[in-house]
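Analysis of the macromolecular model
Chain by chain, the residues run as shown.
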Amino acid sequence: MSAPAHRYEDAVARYFEAWNAEDPAARGKAVAAAWTEDGGYTDPLADVRGHEQIAALIAAAREQFPGLVFRLAGAVDGHHHIARFSWELVSETDGSAPVAGSDVITLDEQGRIRAVLGFLDRMPAGAA
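Residues numbered from 1 in each chain as written. Predicted model: local features only at pLDDT ≥ 70, side-chain atom pairs only at ≥ 80, totals over all residues. Heavy atoms only, no water.

Let us now look at the pattern of salt bridges. One pass over the structure, following the stated rule, counts three salt bridges. For Arg 62, the salt bridge is made with Glu 22, and the minimal N-O distance between the two is 3.9 Å. In this pair, Arg 62 is assigned in helix H3 (residues 51-64) and Glu 22 in the loop between helix H1 (5-20) and helix H2 (24-34), connecting sequence segments 40 residues apart. Classification of Arg 62 as buried rests on a relative accessible area of 17%. For the salt bridge of Glu 88 with Arg 122, the shortest nitrogen-to-oxygen distance reads 3.2 Å. You can see Glu 88 sitting in strand S5 (residues 82-91) and its partner Arg 122 sitting in strand S7 (residues 113-122), a full 34 residues away along the chain. Given the relative accessible area of 29%, Glu 88 is considered partly exposed. On the basis of relative accessibility, which here comes to 36%, the residue Arg 122 falls in the partly exposed class. (Salt bridge = Lys/Arg side-chain N within 4 Å of Asp/Glu carboxyl O. Helix = DSSP H or I, 4+ residues; strand = E, 2+ residues; numbered from the N terminus. Buried < 20%, exposed > 50% of the residue type's maximum accessible area, 1.4 Å probe, protein only.)

Structure representation (structure tokens):
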């Protein structure tokens with residue numbers, strides 16, 4: 001039987017809070033709230049584990065794409081301990097979204113992320 005939908009939406013909201021945190025201290029706190037201590041993140045460009053490495057990955061992405069924020073693109077879908085969602089990296093200046101992807105996350109019993117399996121659906125040439 002699947003868990004209440006808000007469990008998945010809450011986990012994804014914490015995920016975006018971490019990705020959009022500008023301040024390193026706030027980012028570290030958001031990563032700790034979103035992921036388990038041994039949680040991981042894997043996409044075509046990265047494979048990291050643990051709060052420190054995840055926070056460093058997020059900092060690098062924010063540095064590569066200044067002025068852009070991660071936004072949910074569509075609904076969060078989930079069952080059991082798994083959720084999937086799509087996202088876009090949106091310019092705060094002109095609303096363009098040069099980067100987009102889809103992620104699948106697994107959650108622990110408290111709704112914290114154990115693993116993210118990310119897929120890049122749209123990426124600017126030369127950004128990888």
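Moving on, there is more to tell.
Attention now goes to the pairing of strand S1 (residues 35-43). With four bridges connecting them, S1 and S7 associate as parallel partners. In the strand pairing of S7, Gly 40 is matched with Ala 115. Counting the residues between successive antiparallel strands, the hairpin from S1 to strand S2 (residues 46-49) contains two residues. (Pairing = 2+ DSSP bridges.)

On to the environment of Asp 103. Turning to its location among the elements, Asp 103 is positioned in strand S6 (residues 99-107). In this structure, Asp 103 is in contact with Tyr 15, Ala 83, Arg 84, Phe 85, Trp 87, Val 116, Leu 117, Gly 118 and Phe 119, ignoring residues within four places of it in sequence. Within the structure, the side chain of Asp 103 is placed 2.4 Å from the side chain of Tyr 15, a separation counted as a polar contact. (Contact = heavy atoms within 4.5 Å. Polar contact = N/O pair within 3.5 Å; in protein donor to acceptor, adjacent residues only side chain to side chain.)

Turning to the UniProt feature "domain: SnoaL-like" (unreviewed entry) in the chain, a few remarks are in order. Within the UniProt annotation, "domain: SnoaL-like" (unreviewed entry) is assigned to residues 12-115. Structurally, residues 12-115 is divided into 33% helix and 41% strand, and its ends, taken at the C-alpha atoms, are 12 Å apart. (UniProt positions renumbered as here; feature names shortened; annotations may be inferred.)

Let us now look at the nonpolar core. In this structure, Tyr 15, Trp 19, Trp 35, Tyr 41, Phe 85, Ile 105 and Ile 113 are the most contacted members of the largest nonpolar core, which totals 32 residues. It is H1 that provides the largest number of residues to this core, a total of seven residues. Not counting chain neighbours up to four residues away, the residues in contact with Tyr 15 comprise Ala 34, Trp 35, Tyr 41, Phe 85, Asp 103, Ile 113 and Val 116. (Core = buried A, V, L, I, M, F, W, Y, C linked by side-chain atoms within 4.5 Å.)

Our next topic: the environment of Glu 52. One can find Glu 52 in helix H3. Along the primary structure Glu 52 and Val 31 are separated by 21 residues, whereas in three dimensions their C-alpha atoms are 8.6 Å apart.

All right, on to the packing of aromatic side chains then. The tally for this structure, following the rule as stated, stands at eight aromatic pairs. On the basis of an interplanar angle of 55 degrees and a centroid distance of 6.2 Å, the ring pair of Tyr 15 and Trp 19 is categorised as tilted. Taken together, the residues Tyr 15 and Trp 19, both in helix H1 and four residues apart, mark about one turn of the helix. Summarising the aromatic geometry, the rings of Trp 19 and Phe 70 are spaced 4.8 Å apart at their centres and angled 55 degrees between planes, so their arrangement reads as tilted. (Phe/Tyr/Trp six-rings, centres within 6.5 Å; stacked < 30°, edge-to-face > 60°.)

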